[in-house]
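Take a look at the letters that make up each chain.
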Amino acid sequence: MVNKVILIGNVGAEPEVRYLDGGVAVANLRLATTERYKNKNGENVDQTEWHNIVLWRGLAEIVEKYVHKGMRLYIEGRIRTRSWDDQNGVKRYTTEIYADNMQMLSARQDGDNNTTVPRYSAPANTASAPATTGPAAEPDDNDDLPF
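The rules behind each value
Numbering of residues starts from 1 in every chain and runs along the sequence as written. The predicted origin of the model limits local features to residues at a pLDDT of at least 70 and limits the giving and counting of side-chain atom pairs to 80 or more, whereas totals for whole chains, interfaces and linings rest on all residues. The basis for the side-chain values is all heavy atoms of the structure; hydrogens and waters are excluded. Among buried residues, those of type Ala, Val, Leu, Ile, Met, Phe, Trp, Tyr and Cys that are joined through side-chain atoms within 4.5 Å constitute a nonpolar core. Remark: exposure states derive from per-residue accessible area (1.4 Å probe, protein chains only) relative to the maximum for the residue type, with buried under 20%, exposed over 50%, and partly exposed in between. A helix here means a DSSP run of H or I that spans at least four residues, while a strand means a run of E at least two residues long, and both kinds are numbered starting from the N terminus. The contact definition used throughout considers only heavy atoms, calling two residues in contact when any of these lie within 4.5 Å. In the analysis that follows, any N or O atom pair within 3.5 Å is treated as a polar contact, provided that within protein one partner can donate a hydrogen and the other can accept it, and provided that, for residues neighboring in sequence, both atoms belong to side chains. The salt bridge criterion pairs a side-chain nitrogen of Lys or Arg with a carboxyl oxygen of Asp or Glu, the two atoms within 4 Å. Strand pairing follows a simple DSSP-based rule, namely that at least 2 bridges must link the two strands. For every residue, the pLDDT score states the predictor's confidence, bounded by 0 at the bottom and 100 at the top.

A few points about the nonpolar core
Across soluble globular proteins, nonpolar side chains show a tendency to be buried alongside one another. Among the nonpolar cores identified, the biggest contains 21 residues, and Ile53, Leu55, Leu73 and Met102 are the most heavily contacted of them. Counting residues per element, the ones that place at least two in this core are strand 1 (5–11), strand 3 (25–38), strand 4 (44–56), helix 1 (57–66), strand 5 (72–85) and strand 6 (91–104). Setting aside chain neighbours within four positions, we find Leu73 in contact with Leu7, Ile8, Gly9, Val11, Leu29, Leu31, Val67, Met102, Gln103, Met104 and Leu105.

Take a look at the structure:
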């Protein structure tokens with residue numbers, strides 16, 4: 001089974017970052033993706049979808065420091081749906097994207113428009129800061145894989 005989401009969109013509001021017991025950071029942000037198509041009359045139509053993004057630990061700390069409303073982000077993660085009962089006892093659902101990777105595609109907003117913004121990945125099974133990944137490694141022609 002595969003549960004993989006890739007989004008490129010714009011941050012719709014300032015991210016909300018909070019710290020749980022034990023100092024674990026969690027960030028929530030809204031990301032807008034827009035699809036443009038022509039309708040049967042030949043007119044351009046924009047259809048915007050809003051996504052609830054959840055980032056944990058090191059990624060949340062990066063969001064807190066660098067991500068702001070209007071920035072363009074690349075998000076890679078997985079879909080999660082959770083439910084709860086509201087105050088009237090009605091079952092409610094929300095769907096969120098739990099981000100594993102994030103790349104800031106907008107220039108930093110501190111006036112330094114020449115800064116290359118790195119890609120950040122959630123560490124595998126750790127609670128430490130995110131790993132920074134650079135360019136993809138060159139393929140190894142000496143491996144024993146048949147494909």
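Now, onward.
Overview of the side chain of Thr33
For Thr33, the location among the structural elements is in strand 3. Residue class for Thr33 comes out buried when judged on its relative accessible area of 15%. Here His51 takes part through its side chain, which lies 2.8 Å from a polar atom of the side chain of Thr33. Residues contacting Thr33, with those up to four places away along its chain left out, are Leu7, Ile8, Gly9, Gln47, Thr48, Glu49 and His51.

Thoughts on the side chain of Ser106
Tracing the backbone shows Ser106 in the loop between strand 6 and strand 7 (119–121). Classification of Ser106 by relative accessible area gives buried; the value is 19%. A distance of 2.5 Å separates a polar atom in the side chain of Ser106 from the backbone nitrogen of Arg72.

Focus: the environment of Gly77
By secondary structure assignment, the location of Gly77 is in strand 5. A sequence separation of 20 residues divides Gly77 from Ile97, and the C-alpha atoms of the two residues are 6.2 Å apart. Gly77 has contacts with Asn3, Lys4, Val5, Ile97, Tyr98, Ala99 and Asp100, leaving out every residue within four places of it along the chain.

Quick look at the pattern of salt bridges
Any two side chains of opposite charge can pair, so long as their charged atoms come close to each other. Scanning the model with the defined rule gives 6 salt bridges in all. The residue Arg36 makes a salt bridge to Asp46 at a minimum N-O spacing of 2.7 Å. Of this pair, Arg36 sits in strand 3 while Asp46 sits in strand 4, placing them 10 residues apart in sequence. Asp46 sits in the partly exposed class, given a relative accessible area of 44%. Between Arg92 and Asp86 there is a salt bridge, with the nearest N and O atoms lying 3.0 Å from each other. The class for Arg92 is partly exposed, based on a relative accessible area of 41%. We classify Asp86 as buried; its relative accessible area is 18%.

Examining the pairing of strand 4
Strand direction decides the pairing type here: strand 3 and strand 4, joined by 13 bridges, are antiparallel. Note on strand 4: the bridge partner recorded for Thr33 is Glu49. The hairpin turn running from strand 3 into strand 4, its antiparallel successor, is 5 residues long, and Gly42 in that turn takes a positive phi close to 80°.

Some remarks on the confidence of the model for the protein
Counting all residues, the mean pLDDT for the protein is 82, and 73% of those residues have values of 70 or more. Within the model, pLDDT remains below 50 along residues 111–117, and this stretch shows 7 contacts once partners closer than five positions in the same chain are excluded. This model gives residues 124–147 a pLDDT under 50, and the stretch forms 20 contacts once residues within four places in sequence are excluded.

Overview of the pairing of strand 3
When a strand is regular, its side chains alternate between the sheet's two faces. As defined by bridge partners, strand 1 adjoins strand 3 across 2 bridges and the pair is classed as antiparallel. Each residue of the ladder has a partner; that of Val11, found in strand 3, is Leu31. Note that strand 2 (residues 16–19) and strand 3 share 4 bridges and pair antiparallel. Among the inter-strand pairings, Arg18 is bridged to a residue of strand 3, identified as Val26. Connecting strand 2 to the antiparallel partner strand 3 that follows it, the hairpin turn spans 5 residues, and Gly22 within it adopts a positive phi of roughly 90°.

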